Amino acid sequence: MDSSDIPAARAFLEAHIDSSVYLLANMMDLGIRSTSSPRSGNFLLIEEGRHVAGVFCLTLRGDLLAQTGGREEFAPLILEACRAEGPAVVSVLAEWTLAEALWAALAPEPGFTPVYECKSIVYGITRVPAARSVSEGIVIWEMTMADYDAWEPVDRAFCAEEGLAVM
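Let me sum up the structure you'll find in this document. (Residues numbered from 1 in each chain as written. Predicted model: local features only at pLDDT ≥ 70, side-chain atom pairs only at ≥ 80, totals over all residues. Heavy atoms only, no water.)

Remarks on the overall build of the protein chain
- Along its length, the protein chain carries five helices and six strands.
- N-terminal to C-terminal, the α/β element order of the protein chain is α-α-β-β-β-α-β-α-β-β-α.
- Within the protein chain, the fraction of its 167 residues that count as buried is 30%.
- Accessible surface, the protein chain as shown: approximately 10,600 Å² in total, 57% of it carbon and sulfur. (Helix = DSSP H or I, 4+ residues; strand = E, 2+ residues; numbered from the N terminus. Buried < 20%, exposed > 50% of the residue type's maximum accessible area, 1.4 Å probe, protein only. Areas by Shrake-Rupley, 256 points an atom, 1.4 Å probe, with all protein chains shown as cover.)

Points about the layout of surface pockets
- Size it by volume and the second largest pocket reaches roughly 170 Å³.
- What lines the second largest pocket is a set of 13 residues, and nearest its centre among them are Arg83, Ala88, Val89, Leu106 and Glu109.
- In terms of residues, the lining of the second largest pocket owes the most to one element, helix H3 (residues 75–85), which gives three residues.
- Class assignment of the residues belonging to the lining of the second largest pocket gives a composition of nine nonpolar, two polar and two charged. (1 Å grid on protein atoms, 1.4 Å probe; cavity = no way out; pocket = protein on both sides within 12 Å on 5 of 7 lines; lining within 4 Å. Points joined across faces, edges and corners; volume = space filled by probe spheres on them. Nonpolar A, V, L, I, M, F, W, Y, C, P; charged D, E, K, R; others polar.)

Quick notes on the packing of helix H1 (residues 6–15) against helix H2 (residues 21–30)
- Where H1 meets H2, the closest approach of the two axes is 9 Å, and the angle between their N-to-C directions is 155°. One element, H1, and the other, H2, form an angle in the roughly antiparallel class. Read as a crossing pair, H1 and H2 show a hand that is left-handed. Mapping the contact onto sequence places Ile6, Ala9, Arg10, Leu13 and Glu14 in H1 and Leu23, Leu24, Met27 and Met28 in H2. (Axes fitted to C-alpha atoms, helices over the stretch in contact; angles between N-to-C directions. Parallel < 35°, antiparallel > 145°, perpendicular 65-115°, else oblique. Left-handed = near helix turned anticlockwise from the far one by under 90°. Contact = heavy atoms within 4.5 Å.)

Here's the deal with the state of the cysteines
- A complete count under the given rule lists zero disulfides for this structure.
- Looking at the unpaired Cys57, the closest cysteine sulfur is the one in Cys82, lying at 8.4 Å.
- On the basis of relative accessible area, Cys82 is assigned to the buried category, the value being 3%. (Disulfide = S-S within 2.5 Å.)

Digging into the pattern of salt bridges
- Counted under the stated rule, the structure contains six salt bridges.
- As a salt-bridge pair, Glu48 and Arg71 come within 2.6 Å of each other at their nearest N and O atoms. Note that Glu48 is positioned in strand E1 (residues 41–48) and Arg71 in the loop between strand E3 (63–67) and H3, a separation of 23 residues in sequence.
- Judged by relative accessible area, Glu48 falls into the partly exposed class, the value being 41%. (Salt bridge = Lys/Arg side-chain N within 4 Å of Asp/Glu carboxyl O.)

Don't take any of this as a statement about function, it's just geometry.
As structure tokens, this is what we get:
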């Protein structure tokens, strides 16, 4: 993947935003090439015809971040490319169909020790067009940067409770 592929990769990830928000954030925050950050890695594309069919990255710390729109048949191709990248895969973050296929392929490998397996939705995004009341005293609205100061301590508390590193 090179810089000319970023718009197509971004459009693909945004089309699957519920299960690729972390991969997309990594791409936008750290770029498409490994840097000194352990969260960085080289982004790779899977193309079918002339269209993006998958985007993935193996971070320097061994986190495999992948999106294929639910296509599990790409798991062997992704793992083969990751082996060429260098770091051993220590975790998988992908939509469940692909994550399950990757995990099943990794589990029998010598030296791979499954430590934790979890199926959960990390983020769910629902577009709410404008503030609206859903019941007495409760209002829902789309967050903006103006809400960050109120949201950030709640997010950090969630990460601490889940044992996640806060960067």
